[in-house]
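Listed below are the residues making up each chain.
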Amino acid sequence: MSTTPPTTPRPRLPSPLQELGDERFTRHGVTLTLKRDDLIHPDLPGNKYRKLFLNLDAAVAAGHKVLLTFGGAYSNHLRATAAAGRLLGLDTIGVVRGDELAGRPLNPSLAQCAADGMRLHFTDRSTYRRKTDPEVLAALVHASGADNPYVIPEGGSNSLAVRGCTALGEELRGRTDTAAVACGTGGTLAGMAAGLAPDQHALGIPVLKGGFLGPGIQALQQRALGTPTANWHLDERFHFGGYARTTPELTAFANDFEDRHGLPVERVYVAKLLYALTALSEEGAFPSGTRVTAVITATEPELPAAQSSTSR
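How each quantity is defined
Residues numbered from 1 in each chain as written. Predicted model: local features only at pLDDT ≥ 70, side-chain atom pairs only at ≥ 80, totals over all residues. Heavy atoms only, no water. Helix = DSSP H or I, 4+ residues; strand = E, 2+ residues; numbered from the N terminus. Buried < 20%, exposed > 50% of the residue type's maximum accessible area, 1.4 Å probe, protein only. Polar contact = N/O pair within 3.5 Å; in protein donor to acceptor, adjacent residues only side chain to side chain. Contact = heavy atoms within 4.5 Å. Pairing = 2+ DSSP bridges. Axes fitted to C-alpha atoms, helices over the stretch in contact; angles between N-to-C directions. Salt bridge = Lys/Arg side-chain N within 4 Å of Asp/Glu carboxyl O. Core = buried A, V, L, I, M, F, W, Y, C linked by side-chain atoms within 4.5 Å.

Draft legend 1. Quick look at the side chain of glutamine 221. By secondary structure assignment, the location of glutamine 221 is in helix α9 (residues 213-225). Of the residues examined, glutamine 221 reaches a relative accessible area of 0% and is grouped as buried. In terms of polar contacts, glutamine 221 uses its side chain to reach the side chain of tryptophan 232, at 3.3 Å. Not counting the four nearest positions on each side in its chain, glutamine 221 is found in contact with Ala190, Ala193, Ala194, Gly226, Thr227, Pro228, Thr229 and Trp232.

Put into structure tokens, the structure is as follows:
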């Protein structure tokens with residue numbers, strides 16, 4: 001399979017590494033480097049390119065004209081799928097968690113989806129939780145009006161996504177000791193860990209609360225690679241209340257990080273990752289001499305030029 005979906009700009013691979021001089025790390029003998037996956041592709045930044053490109057190849061090869069996928073109101077994955085559909089000339093449908101959102105103005109993430117041509121289908125949270133059940137999925141596809149869609153799971157995390165993300169770990173071989181990434185569905189961590197060298201470790205920072213992600217990552221690796229790897233772990237302490245939730249402390253941290261380093265900090269994933277690594281450094285979790293790499297997987301959505309106030 002190719003590594004560039006047809007008609008899209010070429011990706012910037014490998015993504016660049018950027019070392020930061022931050023005394024909260026250097027005073028403990030720790031080196032912090034950013035893996036700038038947010039610079040991979042102008043429309044499919046971060047882990048979304050890595051997770052989607054093999055799926056897009058498969059959809060096009062099989063002759064599908066419609067991509068259907070799932071996400072919450074602030075889903076970066078929905079935005080990336082909508083952009084991919086626009087670039088490839090494919091229709092896109094996003095099944096959005098929360099039917100109470102249907103009559104409200106669209107937030108910047110969903111407005112960008114709509115601007116890129118995605119048709120948004122809002123569903124109640126109970127049904128959304130059961131979306132992987134074959135009968136529920138069939139009903140959702142029917143209700144959305146999709147005709148023979150290529151279905152991509154929530155967050156894009158399937159076997160093809162995991163295989164696509166192994167290159168992330170391979171790009172970090174010999175460049176770091178600990179590679180850390182914020183986790184939503186776990187596909188990026190599953191692939192990255194598999195691509196690392198045996199003497200490297202992967203750390204996942206879940207942005208959702210619940211403690212359910214570990215078994216899902218093991219299952220993803222089992223399906224994609226034939227066996228789970230043992231070179232990763234999760235630290236569940238830094239979700240700040242759940243997905244897209246924040247606190248004044250996290251907001252102040254993100255603002256300060258931006259001021260210190262002149263870099264934008266995406267709030268749903270990246271802020272929690274950087275906060276977690278800073279806290280772990282201060283706790284002494286990384287021995288002196290450790291090279292820590294934070295994978296920057298997401299960017300803030302931009303408001304479309306003409307923002308819609310209703311779903312399409």
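What follows continues from the structure just given.
Draft legend 2. Representation of the sheet that holds strand β10 (residues 291-295) within the structure. Read across the open sheet, the 6 strands follow the order β1-β2-β10-β7-β8-β9; overall the sheet is mixed. Across the chains shown, the open sheet's two edge strands, defined by having one partner strand only, are β1 (17-20) and β9 (232-234). Taking the axes of each pair of neighbouring strands and ignoring which way they run, one obtains an average angle of 25 degrees across the sheet. Two strands pair when backbone bridges link them, and strand β8 (residues 201-206) and β9 are joined in this way by 3 bridges, in the parallel orientation. Considered in β9, the bridge of glycine 204 is made with leucine 234. Here helix α8 (residues 187-195) sits on the sheet in contact with β7 (178-183), β8, β9 and β10, set at roughly 165 degrees to β7.

Draft legend 3. Here's a closer look at the pattern of salt bridges. As enumerated under the stated definition, the model contains 19 salt bridges in all. Salt-bridge contacts for aspartate 22 lead to arginine 24; the nearest nitrogen and oxygen are separated by 2.7 Å. Here aspartate 22 and arginine 24 have matching classes, each one buried. Residues arginine 237 and glutamate 283 are paired through a salt bridge, measuring 3.1 Å at the closest nitrogen-oxygen approach. Taken together, the residues arginine 237 in the loop between β9 and α10 (248-261) and glutamate 283 in helix α11 (residues 270-283) connect sequence positions 46 residues apart.

Draft legend 4. Expanded view of the pairing of strand β2 (residues 31-35). Judged by how many residues are buried, β2 sits mostly within the fold: 4 of 5 residues are covered. Taken together, the 4 bridges between β1 and β2 define a ladder with antiparallel strand orientation. Across the sheet, leucine 17 pairs through a bridge with lysine 35, a residue of β2.

Draft legend 5. Spotlight on the nonpolar core. Core analysis: the biggest nonpolar cluster contains 35 residues, and Leu274, Leu277 and Ala294 have the highest contact counts within it. Looking at this core, the elements with two or more residues in it are β2, β7, β8, α10, α11 and β10. Top element by residues in this core is α11. It accounts for 9 residues. Sequence-distant contacts of leucine 277, that is, excluding residues within four places in its chain, are made with Phe25, Leu32, Ala180, Leu203, Phe286, Val292 and Ala294. Val162, Val181, Ala202 and Ile217 belong to the second largest nonpolar core, which has 19 residues in total.

Draft legend 6. Fine view of the environment of leucine 78. Mapped onto the elements of the fold, leucine 78 is located in helix α3 (residues 76-88). Residues leucine 78 and glycine 155, 77 residues apart in the sequence, show an inter-C-alpha distance of 7.9 Å.

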